[in-house]
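Observations on the three-dimensional arrangement
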Amino acid sequence: MSHSLNEIEAMSKRAGRGAGLSWGLAEEAAKGTRWLSAFGFPGTELLADLLELNDRIPPIDVSPVSLSAEVWHAPARRMSPLIAGASLSDCAVRLLERGTITMENVSLPLLAVPFMGGAALRLGVPVAVEWDGARLATDGKQLCVQASPEALEARQAQRLVFSAPADMSGRREPVLRADVSEESWDRLAAFAHRTFAPATEESRLRGAGAGLSDND
Amino acid sequence: MTKVSCRDPNLVMRLARLGSIHQSRLSFMRILTRRMAREGWRFEQTAFEIDASGVGHAVYTAHGPDRSYSLIAFAHDLPADKRSDRVIAEAWDATFTLFDGIPTSQDISRLSQNIPLQEAGRVSGTELSVSRANRSVRLWEHVVSSLASGKQPSADQIDAVGYLMRTTAVYGSGKLGAADREMIADRPEFHAPFQVEMLSVYLTRWFVTDLVQYMANTRAAEAGNAAAQLDANLARSMGIGNSTGLGMAPFLLNHPVLFNNWVAAREQAIQAVRQVERATDEDIALFKQLLERSKQTIATWHSEHPIQIEKLSALRADVVLVTSYLAQANLGATHPWDALYRWAEDTLSLEGQEWIASLILEPYGALVDDMSSGMAADNTATFRIAGAMSIGDLRALLADVYTWAIETNWTAPENKARAWYVSEEKLEPRLGERFEEPIEEYEQPLAPGRDAAALFNALAHWPDEAQVSDFLLRHPEHRHVLRRAQIVGRAPYAEIRDNTISDRVLPIDMLRCKLAFFGATKFDPRSDRWVRICMYGNAPLPLELTQDNADFWVYPDQEEAKA
């Protein structure tokens, strides 16, 4: 079904929070899913996969141990593309200084790609990422994709190498509408549902502050 | 030359003041009517297929210079027991969508299956908004029965209510599958915020005027009579009501950059006018004329809520003070508006201060109207965290922006008595009692003061030269509020500098602020978290709109007010 990007962002934020991410990381998940969806990737499916994989586990286990390490790796030997991606965006200046940032054992690597967009906008130069069978580059506004479908759907990338500045070729423009599979939407909705307080008659009256007749 | 600064965010961004803001030249309704008049928009009713019971649809199209937009209205026959202004309602007197262009019969057929369902329906990228409205039962019946019996309705009864229908939600920007704002933001007519929603309501008012006449004609015809034609002045005096609850309150917190841009535009306008060295005789005359007309609005502003009754009584006392000030002040002297504003700040209630702050902008359209071009926001650039910022700089930023929060005792129950959460029902935002209801685990991040103070404390043992990126890796729980703090560092009016979860918080302050930027008047709180207002009261109807009446309609015409 066709969804607006705002709907995708709102659902993704709630789902991320429902899966145990902090609000700030849930916001990153939402912007990233929106970004992927705008470029025609199945962002909601990837996010649902990741949230199911890491459901309610401590974020520190799937976070980089250190941002100064030669190669970023996580204690669980499985790094969250959202947390690593958010850190990459936070380290945009370091990326340009170092030239590359390499990560090990990143789950669902495509989910880390939107964060390059943030870094590219901050730096004002394109940023690229490579993993086995895939190279993507973005200046934050357009995306270049050279990858096999299998690589884009990879469950895990052994090595993920980000670099800046990067070359852009074969640009893809974002679209402002996304097709979302019902199945992935329902999976995200199940996570989102955890963030809603069950309605009670008391909250209906007190919480919303109504109660006066509005039939006048 | 006197240098006047913009007002300090620590003064402006307190809830009590935000909850006292008045509409101004920069309000979104007035931006829209000015544009449509300036560009000579053409309006037409292209369908009105409604049966004798009031069920059917109508289409109203507005033609701008490059594009056309159509309000598709569905009229329903709603039993009284189904009429509720609450978001949890499932049926309405009328439902609407603003369509991008001119709808085909297939579009109307598709939308007739979805728009009447509101949240339970789906729309597409050709729909720009989804909304619904209920009748004011009292006024609707009075107007229909009066006209049907060949008489005009009573002006007093119309004034007492102000509108025939009130909207209970106007959804835009991607809700329910509608077009995202990004799809239309580059169109000049939608550059300023909420222009889609304002256009939708403006056309809704026209439809409602037609529908009430049609229902009166139908009733008269059944009795073998002819109905009276609703007097144009009476028709114009009616706006569209709006009943707004908590759903709107988190908006200002969830869109900090946008909120900053609204407030900053108004503050820059106030600053620019306060810097005017000499007012011309025409400027002074216009100000005085609009002040008198504005007094009519204040005089006829009713509320039964104790908080607003008190504020209105203070405002009416302010009106007397302003009148005597102006009787002796010399507005021909240098910097008259700065002098007036300073006097107001020292003398009047917050309602009175903000009334004057908005009113002094009126003679200066040429100076301030372009400031509306800065009121929209693209969040892309501000969303990213600057991870290279040092902890020392972050600490200083927090100490500057969140002074009040850092000084607040957050262990005292009264300072965090409330919690914002989202209910399962239609995802309605609610405000609950943290210590009395099982809601804390569902709490939304709508208490930036508390969260900023917690961040400040968490930084205590970090060295100044450490970087934000390393702190966030260890503390993802502070990522949300750290982002906010960095935004406020660049956009000083982005943050409500007040406690949004204390036992004294009044959510209506947030609602009032947002609705004042829309251009609403006569705020009538129904509780501490629910307010009714009127939109477009006294505005020219579309077919009457000209450059002469597109701007100052919000101030009642004195002749009319006396009648």
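Worth saying up front: this structure is predicted, and the values here are computed from it rather than measured.

Basis of the calculations
- Residues numbered from 1 in each chain as written.
- Chains lettered and ligands numbered in written order.
- Predicted model: local features only at pLDDT ≥ 70, side-chain atom pairs only at ≥ 80, totals over all residues.
- Helix = DSSP H or I, 4+ residues; strand = E, 2+ residues; numbered from the N terminus.
- Domains from an automatic or database assignment.
- Pairing = 2+ DSSP bridges.
- Axes fitted to C-alpha atoms, helices over the stretch in contact; angles between N-to-C directions.
- Contact = placed C-beta atoms within 7 Å.
- Nonpolar A, V, L, I, M, F, W, Y, C, P; charged D, E, K, R; others polar.
- Parallel < 35°, antiparallel > 145°, perpendicular 65-115°, else oblique.
- Buried ≥ 20, exposed ≤ 12 C-beta atoms within 10 Å, placed from the backbone.

If you tally the helices and strands in chain B, you get 24 helices and eleven strands. Based on the C-alpha atoms only, the size of chain B along its principal axes is roughly 85 × 60 × 45 Å.

The next subject is the domain arrangement of chain B. Parsing chain B into structural domains produces domain 1 (9-23 + 256-377 + 509-520), domain 2 (39-245) and domain 3 (380-490). Summarising the inter-unit geometry, the C-alpha centres of domain 2 of chain B and domain 3 of chain B are found 41 Å apart.

As a further point, take the sheet that holds strand β11 (residues 530-535) of chain B. Residues and elements named next belong to chain B. The strand order across the open sheet built from nine strands is β1-β2-β3-β4-β5-β6-β7-β11-β10, with neighbouring strands paired in mixed fashion. Edge positions in the sheet fall to β1 (42-50) and β10 (521-527), since each of these pairs with one other strand and no more. The average undirected angle you get between the axes of adjacent strands in this sheet is 25°. With seven bridges joining them, strand β5 (residues 127-135) and strand β6 (residues 163-172) adopt antiparallel strand pairing. Looking at the pairing, Ala-133 lines up with Thr-167 of β6. Across the sheet, helix α4 (residues 105-112) touches β2 (56-63), β3 (68-75) and β4 (94-100), and the angle it forms with β3 is around 45°. Most of the contacts of helix α8 (residues 195-222) go to β6, to which it runs at about 145°, and overall it touches β1, β2, β3, β4, β5, β6, β7 (239-244) and β11.

Bringing the environment of B:Leu117 into the picture now. Within the secondary structure, B:Leu117 sits in the loop between α4 and β5. Linking B:Leu117 and B:Trp206, residues 89 residues apart in sequence, is a C-alpha distance of 22 Å.

Turning next to the interface of chain B and chain A. Listed as interface residues are 57 residues of chain B and, on the opposing side, 41 residues of chain A. Those elements that place two or more of their residues in the side of chain B that touches chain A are α5 (137-148), α7 (181-184), α17 (380-383), β8 (418-422), β9 (429-433), α21 (468-474), α22 (479-490) and β10 of chain B. The element contributing the most residues to the side of chain B that touches chain A is α21(B), with five residues. A class-by-class count of the residues in the side of chain B that touches chain A yields 22 nonpolar, 16 polar and 19 charged.

This paragraph deals with the packing of helix α2 (residues 23-38) of chain A against α22(B). Running from N to C, α2(A) and α22(B) cross one another at 75°; their axes reach a closest spacing of 5 Å. Between α2(A) and α22(B), the angle is such that the two are roughly perpendicular. Residues A:Trp23, A:Gly24, A:Leu25 and A:Glu27 of α2(A) form the contact with α22(B), whose own contacting residues are B:Arg479, B:His480 and B:Arg483. In terms of residue class, the contact of α2(A) with α22(B) is made up of two nonpolar, two polar and three charged.

Another aspect to go through is helix α4 (residues 81-90) of chain A. The buried count for α4(A) comes to ten of ten residues, which makes it a mostly enclosed element. Within α4(A), burial applies to A:Pro81, A:Leu82, A:Ile83, A:Ala84, A:Gly85, A:Ala86, A:Ser87, A:Leu88, A:Ser89 and A:Asp90.

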